[in-house]
Amino acid sequence: MTLFRDTSPSEGTPAADGPDEALRRRLGIGRRRFLSTCTAAATAAIAAPVFGAPPALAAQEHDAGRDRGGDILVPAHRRGIILYTVRDATARDPLVTDLPSGFREVFRELARYGYRQVEFAGYRQHANAPGGADLESVQGARLLRRWLDEYGLRAQGNHGFIPPSWPLTTADVDTFKKHLEIANILGMDHMGTGGDPTGSSYRADWDVAADKWNALGEIARREGIKLYTHNHDAAYGFLLDGGPLDAQGRPTRSSGIRKLEYFLKVTDPRLVWLEMDIFWAHVAQYKFHTYTAHDGSTRENVFDPAGLVARHNKRYPLFHAKDGVVSTTNGMGYEMVPFGTGVIDYTTFFSRVGHRGYHNPMVEDDNAPSSTEPGRSLRYAKISYDNLAALRKRRR
């Protein structure tokens, strides 16, 4: 297993000439992504109505004026939402409701609230929505891109397909490349998954996961995409990497390093990125604060999510910004609530990690959809946007 230092990504230097190729290289994006971007721009130019700007323009201009001060913690163009939060809305039948339904109407509503970015959680919607049920195709991606452009939104990631095989099968590689092509059509910088690299606690399994993710990251980099993994609380638990072995020959104690901290060390920073789910990181802080060291002693190590990001800032281009109130009964320490209505100190978190023009916070609330209140998820999305936009640095 090769250990990697956290260095800046290197850029390839393919041999090519011509003004388009020179522009592509200055932009630092892959050929396929460059071509898809140019195609989308040309399509948007043709399709744009001559009588006015996209519906989101007024809100963008308002945000631009409001954000001129230096105390804004999350700039307007970085405010996003993962569509999992409003999954009931995209899945609604437009023939039986007056509420926004399907991707296009949901995009319009989110843009009206002020959002500028979305993270996908798959590409399915209700069959009666424009485009049909399944948009996980090149044609579907082109349609989604047209709607995103129409409402001034940018796709910034997707919780999608990561090959289950290792070594990789040809079929899995082909499917992975199809998803990279979709990501490029949608204009994404990043593509990822909603799961952890492995559910194991053992170092050997994380070594295997690192090899796999380095290989996938190299495939993604050739297509101009940064590959990222997403955490739940267990991934910031302690790695089992020493001490007495159990009956299966596996270690039973820890050096005190956390699983994803180890993953950061053994993956190539040019190929693998992370999306911190800040809620689950705080759950990990609550749950995993002591460990049994190799010598059998019990030691304390309280997790500092913002501190970890600050030490590896460029490895964390995306966040899930979800909030929680204190719970002493569910074993997690927190109960999810709309962003800005809980106790997680996002003012301090965003102030500490800095680089506000780099990170992309995506609002998320797993519990936003409601079977008894059909409009709740979008209402929560509006509340969350307003609270994200209101974050300011504390005055000294």
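All values derive from a computational prediction rather than experimental measurement.

Draft legend 1. Representation of the pattern of salt bridges within the structure. This model, assessed by the stated rule, comprises 21 salt bridges. Among the salt bridges present, the one from Glu-136 reaches Lys-178, with a minimum N-O distance of 4.0 Å. Taken together, the residues span a long stretch of sequence, with Glu-136 in the loop between β2 (117-120) and α6 (138-150) and Lys-178 in helix α7 (residues 170-186) at a distance of 42 residues. By relative accessible area, which is 33% here, Lys-178 ends up partly exposed. A salt bridge links Asp-277 to Lys-322, with the shortest nitrogen-to-oxygen separation between them at 3.0 Å. Here Asp-277, found in strand β8 (residues 272-277), pairs with Lys-322, found in the loop between β11 (318-321) and β12 (323-326); they are 45 residues apart in sequence, far enough to count as distant. The pair Asp-277 / Lys-322 is uniform in exposure class, with both members buried. Bridged by salt links that share partners, the residues Asp-277, Lys-322, Glu-364 and Asp-366 form one connected network.

Draft legend 2. Main features of the packing of aromatic side chains. By the definition in use, this model includes 17 aromatic pairs. Measuring from centroid to centroid gives 5.0 Å for Tyr-115 and Tyr-385, while their planes differ by 65°, and the two rings are edge-to-face. With Tyr-115 in the loop between α5 (102-113) and β2 and Tyr-385 in helix α13 (residues 376-389), this pair connects stretches of sequence that are 270 residues apart. Look at Tyr-115 and you get buried, because its relative accessible area is 0%. The interplanar angle of 80° and the centroid separation of 5.4 Å between the aromatic rings of Phe-319 and Phe-349 together place this pair among those described as edge-to-face. A residue pair is termed long-range when its members are at least 10 positions apart, and Phe-319 in strand β11 and Phe-349 in helix α12 (residues 346-353) qualify at 30 residues. Of the two residues examined, Phe-319 and Phe-349, each falls in the buried class. Of the aromatic side chains, those joined through ring pairs into one cluster are Phe-319, Phe-339, Tyr-346, Phe-349 and Phe-350. Directly above the aromatic system of Tyr-358 lies the positively charged group of Lys-314, at a separation of 4.1 Å from the ring centroid.

Draft legend 3. The arrangement of the nonpolar core in detail. Phe-107, Leu-110, Phe-120, Leu-186, Met-276 and Phe-350 are the most contacted members of the largest nonpolar core, which totals 84 residues. Look past the residues within four positions of Phe-120 in its chain and what remains in contact with it is Ile-82, Leu-83, Phe-103, Phe-107, Leu-144, Leu-148, Ala-155, Gly-157, Asn-158, His-159, Leu-186 and Met-188. Among the nonpolar cores identified, the runner-up in size contains 5 residues, and Trp-273, Leu-318, Tyr-358 and Met-362 belong to it.

Draft legend 4. Spotlight on the environment of Pro-163. As for its position among the elements, Pro-163 is in the loop between β3 (154-158) and α7. Residue classification places Pro-163 among the buried positions, given a relative accessible area of 1%. Setting aside chain neighbours within four positions, we find Pro-163 in contact with Leu-168, Asp-172, Phe-176, Lys-212 and Leu-216.

Draft legend 5. Spotlight on the packing of α6 against α7. Axis separation between α6 and α7 bottoms out at 8 Å; the angle between their running directions is 25°. Comparing the axis directions of α6 and α7 gives the class roughly parallel. Considering the relative orientation of α6 and α7, their crossing is right-handed. Between α6 and α7, the contacting residues are Val-138, Ala-141, Arg-142, Leu-144, Arg-145 and Leu-148 on the first element and Glu-181, Ile-182, Asn-184, Ile-185 and Leu-186 on the second. Along the lines of polarity and charge, the residues of the contact of α6 with α7 split into 7 nonpolar, 1 polar and 3 charged.

Draft legend 6. Here's a closer look at the environment of Gly-237. By the element assignment, Gly-237 lies in the loop between β5 (226-230) and β6 (242-245). We classify Gly-237 as buried; its relative accessible area is 2%. Residues Gly-237 and Phe-288 lie 51 residues apart in sequence; the distance between their C-alpha atoms is 5.6 Å. The residues touching Gly-237, leaving out its near neighbours within four places in the chain, are Ile-257, Arg-258, Lys-259 and Phe-288.

Draft legend 7. Quick peek at the sheet that holds β8. Spatial strand order, β3-β2-β1-β14-β11-β8-β5-β4: 8 strands in an open sheet with parallel pairing. Strands at the two margins of the open sheet, each flanked by one partner only, are β3 and β4 (190-192). Strand after strand, the sheet turns through a mean of 30° between neighbouring axes, direction not considered. When strand β1 (residues 80-82) meets strand β14 (residues 360-363), the two strands line up parallel, connected through 2 bridges. Opposite Ile-81, over in β14, you have Val-363 as the bridge partner.

Draft legend 8. The arrangement of α12 in detail. Within α12, burial applies to Tyr-346, Thr-347, Phe-349, Phe-350 and Val-353. Taken end-on, α12 shows its buried residues confined to a sector of 165°, consistent with a single buried face.

Draft legend 9. Representation of the environment of Thr-292 within the structure. Here Thr-292 is to be found in strand β9 (residues 290-292). With a relative accessible area of 36%, Thr-292 lands in the partly exposed category. In this structure the C-alpha to C-alpha distance between Thr-292 and Ser-255, which are 37 residues apart in sequence, comes to 8.2 Å. Ignoring sequence-local partners within four residues, the contact set of Thr-292 consists of Arg-253, Ser-254 and Ser-297.

Each value, and the rule that gives it
Numbering of residues begins from 1 in every chain and follows the order in which that chain's sequence is written. Totals for whole chains, interfaces and linings use all residues, but because this is a predicted model, local features are given only for residues with pLDDT of at least 70 and pairs of side-chain atoms are given and counted only at 80 or more. As a convention, hydrogens and water are excluded, and side-chain values are obtained from all of the structure's heavy atoms. Only one rule defines a salt bridge in this text: a Lys or Arg side-chain nitrogen within 4 Å of an Asp or Glu carboxyl oxygen. Helix and strand assignments come from DSSP, with helices taken as H or I runs of at least 4 residues and strands as E runs of at least 2, each series counted from the N terminus. Buried means the residue's accessible area, taken with a 1.4 Å probe over protein chains only, is under 20% of the maximum for its type, while exposed means over 50%, and partly exposed covers the values in between. Centre distance within 6.5 Å is the pairing criterion for rings of Phe, Tyr and Trp, where only the six-membered ring of Trp is used; planes under 30 degrees apart are then read as stacked, over 60 as edge-to-face, and the remainder as tilted. Distance and angle both matter: a charge sits over a ring if NZ of Lys or CZ of Arg is within 6 Å of the ring centre and within 35 degrees of the ring normal. We define a nonpolar core as any set of buried Ala, Val, Leu, Ile, Met, Phe, Trp, Tyr and Cys residues linked to one another through side-chain atoms lying within 4.5 Å. Note on contacts: a residue pair is in contact if any heavy atoms of the two residues lie within 4.5 Å. Axis angles are defined between N-to-C directions and span 0 to 180 degrees, where every axis is a line fitted to C-alpha atoms and, for a helix, only to the segment in contact. Relative orientations are named as follows: roughly parallel for angles under 35 degrees, roughly antiparallel for angles over 145 degrees, roughly perpendicular for angles from 65 to 115 degrees, and oblique for any other angle. By convention the crossing between two helices is left-handed if the near helix lies anticlockwise of the far one by an angle smaller than a right angle, and right-handed if it lies clockwise. Amino acids outside the nonpolar list (Ala, Val, Leu, Ile, Met, Phe, Trp, Tyr, Cys, Pro) and the charged list (Asp, Glu, Lys, Arg) are all regarded as polar, and Gly is one of them. Any two strands between which DSSP finds at least two bridges are classified as paired. Regarding the arc, it is the one traced by the directions from the helix axis to the C-beta atoms.

Take it as geometry only, folks, not as evidence of what the structure does.
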